[in-house]
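Single-letter residue listing:
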Amino acid sequence: MDVMKLMMSDYNVETINDGLNEFNVKFHGPKESLYEGGVWKIRVELPDAYPFKSPSIGFVNKIFHPNVDELSGSVCLDVINQSWSPMFDLLNIFEVFLPQLLLYPNPSDPLNGDAASLMMKDRKQYDQKVKEYCERYAKKEDITKSTADNDTDDDDDITDEETGSSDDEIAGHADP
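Predicted model, so just to flag it, every value in this text is computed and none were measured. (Residues numbered from 1 in each chain as written. Predicted model: local features only at pLDDT ≥ 70, side-chain atom pairs only at ≥ 80, totals over all residues. Heavy atoms only, no water.)

*Asks:* An account of helix α3 (residues 90-103) is requested, with residue identities and associated values reported.
*Replies:* The end-to-end C-alpha distance of α3, which contains 14 residues, comes to 19 Å, matching closely the 20 Å that a straight helix rising 1.5 Å per residue would cover. Maximum bend of α3: about 30°, positioned at F97, with proline P99 one to four residues after it. All of the buried residues in α3 are L90, L91, I93, F94, F97, L98, P99, L101 and L102. Near the N-terminus of α3, the side chain that reaches the backbone nitrogen of L91, with its oxygen 3.1 Å away, is that of D89. (Helix = DSSP H or I, 4+ residues; strand = E, 2+ residues; numbered from the N terminus. Expected span 1.5 Å × (residues − 1). Bend = angle between axes of the 7 residues up to and from the residue. Buried < 20%, exposed > 50% of the residue type's maximum accessible area, 1.4 Å probe, protein only. Polar contact = N/O pair within 3.5 Å; in protein donor to acceptor, adjacent residues only side chain to side chain.)

Right, dumping it as structure tokens:
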């Protein structure tokens, strides 16, 4: 089976709910790209009709790329979304399709309009932002955090003192 082939390769595969239909794969940014050195957790969901129907692929930790939705991590890639063939397998996705996506972004078909616009208007600033995201969100320790941890920034944490509340206060009144 395809999943076993992926597990037997050099990829770190982590199953979800003890099944083989949902799993995460550790993916490294391609060499000689802006994403080199970055490490992402890629969520893969296989439909019941796989390999006749394409898998669902998404980045769990953040990535700045025109063809990846920044919030959901969904990937816009024709070969996965429109022209999938049962001849493709999961190794193709991780060894060819995703590296090609990161090496050759397509700003004319964006899921992240900000990334696409910046790439077309100011390539130097776009490159800098990609590297910034890699530094901030794509390190080995980032993929070990849960998705909930990635959704909160330390800067946004509010203490009880700032809100004027504490655990000692009780909402409402007790019934007599």
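Structure shown, so let's carry the discussion forward.
*Asks:* Break down the sheet that holds strand β3 (residues 39-45) for me, with residues and values.
*Replies:* Taken in spatial order, the four strands make up an open sheet running β1-β2-β3-β4, and their pairing is antiparallel. Each edge of the sheet is formed by a strand with only one pairing partner; in this case those strands are β1 (13-15) and β4 (56-59). Between one strand axis and the next, the sheet turns by 25° as a mean value, whatever way the strands run. The pairing of β1 with strand β2 (residues 22-28) spans three bridges and is classified as antiparallel. Looking at the pairing, E14 lines up with N24 of β2. Packed onto the sheet, α3 meets β2, β3 and β4 and runs at close to 50° relative to β2. (Pairing = 2+ DSSP bridges. Axes fitted to C-alpha atoms, helices over the stretch in contact; angles between N-to-C directions. Contact = heavy atoms within 4.5 Å.)

On their own, these measurements won't tell you what the molecule is for.
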